[in-house]
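# Notes for the structure review
Here is how the chains run, residue by residue.
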Number of protein chains: 2
Amino acid sequence: MENLTPKKTHLPPPNGASPPKASAHRLSLYLRCLEPLQVAKQETISSKRMAEMLGIRDAQVRRDLTYIGSLGQRGIGYSIPSLIAAIRSALGLNRNWPTILVGVGNLARALIRYQNFREHGFEILALFDCDAGKIGTPIEGMTIQSIGDLRSTLKKVHAELALLTVPAEAAQSTAELLAEAGIRGILNFAPAVLRLPKSVRIVNIDLAMQLEQLAFSVQSAALV
Amino acid sequence: MENLTPKKTHLPPPNGASPPKASAHRLSLYLRCLEPLQVAKQETISSKRMAEMLGIRDAQVRRDLTYIGSLGQRGIGYSIPSLIAAIRSALGLNRNWPTILVGVGNLARALIRYQNFREHGFEILALFDCDAGKIGTPIEGMTIQSIGDLRSTLKKVHAELALLTVPAEAAQSTAELLAEAGIRGILNFAPAVLRLPKSVRIVNIDLAMQLEQLAFSVQSAALV
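Residues numbered from 1 in each chain as written. Chains lettered and ligands numbered in written order. Predicted model: local features only at pLDDT ≥ 70, side-chain atom pairs only at ≥ 80, totals over all residues. Heavy atoms only, no water.

If you check an unreviewed UniProt entry, chain A appears there as Redox-sensing transcriptional repressor Rex from Telmatocola sphagniphila. Annotation of chain A in UniProt includes, under Function (unreviewed entry), the sentence "Modulates transcription in response to changes in cellular NADH/NAD(+) redox state." Its UniProt record, at the heading Subunit (unreviewed entry), says of chain A: "Homodimer." (UniProt positions renumbered as here; feature names shortened; annotations may be inferred.)

As structure tokens, this is what we get:
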């Protein structure tokens, strides 16, 4: 029955188009599945196997991979090292992304020590806070700086991305400072909805909201 | 021009239906915007103002709010306390959700101290690890337990949700233990794709993946 309805996923992607957001998200997921296989020296993989790992249709996998120009070989599948390189390139991960962090509380301290960031090319190079009691404190080879030093430090470290881990009530004004100082992307952990110029990209990680969505999903499942 | 295309959002919701995932996500967002207004003793709000706060269309807001049976009053708007109560009820947040945590590393230590969880009804009641060197260590009034005690402890604390903060390579096997012991929802911080029975709901927070998506978004914006 499924084939009777034309699906967006069956249309060819426009030439040279960058992948849409949903595909970009799945490309990141493919990367997570492929990286351990590369470590285990596996050389090739089929779209069917990738689909199974993620619990999606293999047509979806093949469609997503056309965006990176990597079409695989019938009977052999996709070369894992080539696939990883092509996905990383499509996602802009074939370079490092120097990153700063603003708001050094408990969550920040965990993020500063989070190995996965550095392993994926996101190195935290400077820490900022507005609490005079914290400024000057050393953490992991860095020293917490005053938010007033933001602009001059950014000139040195050339960071385009920022982790924002300030309290909700400080989030909007701090985000505006970051935008003015030249930050292009903010990973926002503050439970607040930021309004910034469109040129600054925002990804929100509101941890309590994620738990709320999980609870909603569990409750909905119980009602079925 | 917009009105020429029939939009899903203009269809009435089925009677008594629980909101779809996208609406549920926005309901959580509305809650984040409304909570500070309630603290500030504001009594009513218009759908237009809520739409402005989130940068979406007000027809979308009104449509989402029909799911919670709260239709507002023309010229007055929505009562903020009623709206908060109705949204919390629709999302299953009019009760507490006892929660456990498995894998006590740096990120876990930050999550255990994260005030927003408790404030939103998610209290972490038990901690587990498989590292014998950690078992017995006290944290925030709890003691890290062996993963072997999972089932007996769950009988006492009646938790349905778990935060999973183990390393990627331990995530699938630990998630299976959680599912077998009766956990119904997992907030998975491990950078791994979990495969579990459909009865167990999963929300993934892969922090490096979120940074990848942010980098992709910044890169795409630069190409336009």
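All right, on to the packing of aromatic side chains then. By the definition in use, this model includes two aromatic pairs over all chains. For the ring pair B:Tyr114 and B:Phe117, a centre distance of 4.9 Å and an interplane angle of 70° mean the geometry is edge-to-face. The pair formed by B:Tyr114 and B:Phe117 is uniform in burial state, with each residue classed as buried. For A:Arg95, the ring lying beneath its charged end belongs to A:Trp97, and the centroid distance is 3.6 Å. (Phe/Tyr/Trp six-rings, centres within 6.5 Å; stacked < 30°, edge-to-face > 60°. Buried < 20%, exposed > 50% of the residue type's maximum accessible area, 1.4 Å probe, protein only. Lys NZ or Arg CZ within 6 Å of the ring centre and 35° of its normal.)

A word on the pairing of strand β6 (residues 142–146) of chain B. Consecutive side chains along a regular strand alternate between the two faces of the sheet. All names here are of chain B. Bridge count for strand β4 (residues 124–129) against β6 is three bridges, and the pairing is parallel. Paired with Phe128 across the strands is Gln145, a residue of β6. In this sheet, β6 lies alongside strand β5 (residues 138–139) in antiparallel orientation, the contact comprising two bridges. Bridging across to β6, Pro138 finds its partner in Thr143. Hairpin connection from β5 to β6: two residues lie between these consecutive antiparallel strands, with Glu140 at a positive phi of about 50°. (Pairing = 2+ DSSP bridges. Helix = DSSP H or I, 4+ residues; strand = E, 2+ residues; numbered from the N terminus.)

To continue, consider helix α9 (residues 207–223) of chain A. Residues and elements named next belong to chain A. An ideal rise of 1.5 Å per residue puts 24 Å on 17 residues; α9 measures up with 25 Å between its terminal C-alpha atoms. Within α9, 14 of the 17 residues are buried, which leaves it mostly tucked inside the rest of the structure. You can read the cap of α9 off the contacts: a side-chain oxygen lies 3.3 Å from the backbone nitrogen of Ala208, and it is on Asp206. (Expected span 1.5 Å × (residues − 1). Polar contact = N/O pair within 3.5 Å; in protein donor to acceptor, adjacent residues only side chain to side chain.)

Our next topic: the relation of the copies chain B and chain A. The transformation that overlays chain B on chain A combines an axial shift of 0.0 Å with a rotation of 180°, and the residual RMSD is 0.0 Å. When the rotation and shift are considered jointly, the pair of chain copies conforms to a two-fold rotation axis. Judged by C-alpha distance, B:Ala110 is the residue of chain B that lies nearest the rotation axis, at 3.1 Å. Both copies contact each other with a shared surface, as 100% of the interface residues of chain B are interface residues in chain A too. (Least-squares fit on C-alpha atoms with pLDDT ≥ 70 in both. Contact = heavy atoms within 4.5 Å.)

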